[in-house]
Amino acid sequence: MFDLKPISRDAIPEALNKVERYRLLNEPWQAESICLDILRVEPGYQPALVMLLLSLTDQFGKGVSLTTAREVLQLLTGEYDREYYSGIICERWADSLLRQGAPGAGFTAYDSLREAMQHYERAEALRPPGNDDALLRWNTCARILMRNRELRPRGEETFEPAFED
């Protein structure tokens, strides 16, 4: 339908600044679009892929799926980044579930937060010196779970008849 206009390689640093600005303005679709423009010019550019992934997770509950975010995750080259951002995806998915408030969301959000914590633990083992981001995120997930009683594992469901024969 339209031929997209390519940006120049020289514009990439400023474009990444705009991505961050649009994310801070809570306009993740704008940030996503700019990341896609950067990646058309510089495929596989890791900073743009990270920002794209974050922009997508900002849109959970607003039409962006887990699958879409995980497809971008597979393009990250570092093992630490894949574990850390896997945790981010799970954590933000849990948050979107809780904001939507669907029946059973507490159980699913609990599972997603626990999965995030597992990714953060693996990232912790791989982290570069001085980088405690995975520990900070793990602690956040732990605090969310400790403060919210409705977030718990799905219990064993047993059937009990309402009436006896």
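Computed from a predicted model, the values in this text were never measured in an experiment.

Student: Can you lay out the overall build of the protein for me, pointing to particular residues and giving the numbers?
Tutor: Looking only at helices and strands, one finds 7 helices and 0 strands in the protein. Mapped from its N terminus to its C terminus, the protein presents α and β elements in the order α-α-α-α-α-α-α. Taking 15 Å as the expected radius of gyration for a compact globule of 165 residues, we find that the protein reaches 19 Å, considerably beyond that expectation. Seen through its principal axes, the protein has C-alpha atoms that stretch 75 × 45 × 25 Å. The burial tally for the protein puts 38% of its 165 residues in the buried class. Carbon and sulfur atoms provide 51% of the accessible area of the protein, an area that totals close to 10,700 Å².

Student: Talk me through helix α7 (residues 133-147); I want residue IDs and the actual numbers.
Tutor: Owing to its 3.6 residues per turn, the α-helix aligns residues three or four sequence positions apart on the same side. Across its 15 residues, α7 extends 21 Å between first and last C-alpha, which sits within 8% of the 21 Å expected from 1.5 Å per residue. Buried residues in α7 make contact with α5 (79-100) and α6 (105-126).

Student: Tell me about the pattern of salt bridges, and name the residues and values.
Tutor: Per the stated rule, a full pass over the model turns up 11 salt bridges. Close ionic contact of R9 with E42 constitutes a salt bridge, the shortest N to O distance being 3.1 Å. Remark: E42 occurs in the loop between α2 (28-41) and α3 (46-57) and R9 occurs in the segment before α1 (12-24); sequence separation between them is 33 residues. Given a relative accessible area of 26%, E42 falls into the partly exposed group. For D58, the salt bridge goes to R92, with nearest N and O atoms at 2.9 Å. Remark: R92 occurs in helix α5 and D58 occurs in the loop between α3 and α4 (66-73); sequence separation between them is 34 residues. Here the salt bridges share partners, and the residues they tie into one network are E14, K18 and R21.

About the thresholds
Residues numbered from 1 in each chain as written. Predicted model: local features only at pLDDT ≥ 70, side-chain atom pairs only at ≥ 80, totals over all residues. Heavy atoms only, no water. Helix = DSSP H or I, 4+ residues; strand = E, 2+ residues; numbered from the N terminus. Rg over C-alpha atoms; globule rule 2.2 N^0.38 Å. Buried < 20%, exposed > 50% of the residue type's maximum accessible area, 1.4 Å probe, protein only. Areas by Shrake-Rupley, 256 points an atom, 1.4 Å probe, with all protein chains shown as cover. Expected span 1.5 Å × (residues − 1). Contact = heavy atoms within 4.5 Å. Salt bridge = Lys/Arg side-chain N within 4 Å of Asp/Glu carboxyl O.

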